[in-house]
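Residue-level structural notes
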2 protein chains.
Amino acid sequence: MTVRQDVHSAGIPVLCQSCEARHHGVCGALDPDQLVGLAKTSSKHTVEAGVELIGDAEAVDSYANVLSGVVKLMKSLSDGRQQIVGLQFAPDFLGRPFKVESAINAEAATAVSLCSFPKAAIERMMKESPGLEHRLFKQTLNELDDARDWMVTLGRKSASEKLASFLLMIARNIDPTLDPAAQSTSFDLPLTRADIADFLGLTIETVSRQLTRLRSDGVIRIENNRHVIVDSLNRLQRRSGA
Amino acid sequence: MTVRQDVHSAGIPVLCQSCEARHHGVCGALDPDQLVGLAKTSSKHTVEAGVELIGDAEAVDSYANVLSGVVKLMKSLSDGRQQIVGLQFAPDFLGRPFKVESAINAEAATAVSLCSFPKAAIERMMKESPGLEHRLFKQTLNELDDARDWMVTLGRKSASEKLASFLLMIARNIDPTLDPAAQSTSFDLPLTRADIADFLGLTIETVSRQLTRLRSDGVIRIENNRHVIVDSLNRLQRRSGA
DNA sequence: CGGTGGCTTGAAGCTATTCAAGACCTGTGG
DNA sequence: CCACAGGTCTTGAATAGCTTCAAGCCACCG
């Protein structure tokens, strides 16, 4: 340990000190020097549910870390049909590197807080420190795995299996500390019925019917339309097709 | 130009000299030195249609470049339902970095020739030369874009739109030199009807019916069940839902 | 030739959608 | 406090689209 390092270990920007992204997100790949540099040009925001973060075919000049809340990634056809192609939770990195414009649309599904930086700063750091690119690569590989898992759900599962799979996915992502062996859990749905329909390739009515079915079969309980209580994750899993 | 460089420029391994992957694939990121090192442990194979290249939940100890043919990436549910989650064409890189076992199944859809290397060799080179990791990252980002495009098709398009989208996608990938403004093209389908069904989340009968419909509507012609002639790519595109 | 695998076609059935109405929840203004 | 308006969500009935089940066709190969 040199003096120099000591100085810089103490020099972690205030902005970053309690930030989850520094531990588990992409910022974990940066040393204190770089963190200071990045923090200078970055800023925290909070946005309401429904706010568009990245517009389709819009030039993107900044990236961001999701600090809390849920962001939905959407694609739509010319006639208005929509499909949600991904959800991002803290501390995911938001933005498509190496492309001037994004083919997808990102929108806050819940209230969301973000830490955003100029595109150029990230791209410069990516060249300087391979560790950053490596982290982004890994996140991208995970997103690809998720997307492919979801293709199976979209292409081959029935409506009720889709709903069960969706609830399991949300349960696991809302609370990452959830013990995989846990039997029960509860959470607030981050999506409206319409969003769930767009995620599962169904209509809102079908989503509603399948949720009532799961409810009357005693697999889940629902309070205030949004809060879901799962008493037996096993039973839910058995209905997910897996 | 130093003498050293001259020597090595001339030293491109025979194996690689006419290889497309060296120009457009991941090997393009390697310098002649590295190419020589890699070529020592790599080998070309050719396999028949139907051969399994990577088994589900099987330890993977090698990666490969696809040199010709088409590889299908599949996932399946416990009850046997299958979904194709991606297709790989030359000069795609085959293999999932940073994971001991793959959650997907790769199978030759047509006769395929491959150039494969031990996993360890690639991972070592990835550490040495960031350019290699960068290329793999870019390919992964493209695969993610493709997967998300396909999620829209699976979730929101009708059977006939799915077929039109599929034919367009194949036309563009089989012949990468195809002028985007071209009006007509023709190709051999690399997949059987059953594969197409697994790719589109349909049954084989529905695939067959939709193909006959496209045929009787004069959008495509089909010879010998496999060869497809598209006279108006525009008409096909209009039926794809875009 | 008969057999096999891949493909097509038809008829019936079922699942999810569409269309329509009503319930519920929340916030606003009287 | 209640009434009411505007979402969001649920429920019902009818319909459409895809699947299922069942034959039959076609090309290829022994």
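Everything in this summary refers to the structure shown in the same document. Because the structure is predicted, anything quoted here is derived from the model rather than measured.

Focus on the relation of the copies chain B and chain A
- Overlaying chain B with chain A gives an RMSD of 0.1 Å, the required rotation being 180 degrees about an axis along which the chain moves by 0.0 Å. Overall, the copies show the geometry of a two-fold rotation axis.
- Interface overlap between copies: 100% of the residues of chain B at the interface are likewise at the interface in chain A, consistent with a symmetric, same-surface contact.

Overview of the packing of helix H7 (residues 159-174) of chain A against helix H9 (residues 204-216) of chain A
All names here are of chain A.
- As a packed pair, H7 and H9 sit with axes 9 Å apart at the nearest point and diverge in direction by 75 degrees. Taken together, H7 and H9 sit at an angle that is classed as roughly perpendicular. Here Ala159, Ser160, Leu163 and Leu167 of H7 come into contact with H9, specifically with Thr206, Val207, Gln210, Leu211, Arg213 and Leu214.
- Along the lines of polarity and charge, the residues of the contact of H7 with H9 split into 6 nonpolar, 3 polar and 1 charged.

Let's talk about the pattern of salt bridges
- Here the structure, examined in full by the defined rule, presents 22 salt bridges over all chains.
- Between arginine 148 of chain A and glutamate 143 of chain B there is a salt bridge, with the nearest N and O atoms lying 3.0 Å from each other. Placement of the pair is arginine 148 of chain A in helix H6 (residues 130-156) and glutamate 143 of chain B in helix H6 (residues 130-156), with the two residues belonging to separate chains. Considered together, arginine 148 of chain A and glutamate 143 of chain B belong to a single accessibility category, that of buried residues.
- Across the pair lysine 72 of chain B and aspartate 195 of chain B runs a salt bridge whose closest N-O atoms are separated by 2.7 Å. Remark: aspartate 195 of chain B occurs in helix H8 (residues 193-200) and lysine 72 of chain B occurs in strand E4 (residues 71-76); sequence separation between them is 123 residues.
- By relative accessible area, lysine 72 of chain B is classed as buried at 6%.

Brief notes about helix H5 (residues 119-128) of chain A
All names here are of chain A.
- Those residues of H5 not exposed but buried are Lys119, Ala121, Ile122, Met125 and Met126. The arc that holds the buried residues of H5, viewed along the axis, is 165 degrees, so those residues lie on one side. Exposed and oriented more than 90 degrees from the buried face of H5 are Ala120, Lys127 and Glu128.
- Looking at the buried positions of H5, the neighbouring elements they touch are helix H4 (32-41), strand E3 (62-68), strand E6 (93-94), strand E8 (112-118) and H6.

About the cut-offs
- Residues numbered from 1 in each chain as written.
- Chains lettered and ligands numbered in written order.
- Predicted model: local features only at pLDDT ≥ 70, side-chain atom pairs only at ≥ 80, totals over all residues.
- Heavy atoms only, no water.
- Least-squares fit on C-alpha atoms with pLDDT ≥ 70 in both.
- Contact = heavy atoms within 4.5 Å.
- Axes fitted to C-alpha atoms, helices over the stretch in contact; angles between N-to-C directions.
- Helix = DSSP H or I, 4+ residues; strand = E, 2+ residues; numbered from the N terminus.
- Parallel < 35°, antiparallel > 145°, perpendicular 65-115°, else oblique.
- Nonpolar A, V, L, I, M, F, W, Y, C, P; charged D, E, K, R; others polar.
- Salt bridge = Lys/Arg side-chain N within 4 Å of Asp/Glu carboxyl O.
- Buried < 20%, exposed > 50% of the residue type's maximum accessible area, 1.4 Å probe, protein only.
- Arc of directions from axis to C-beta.

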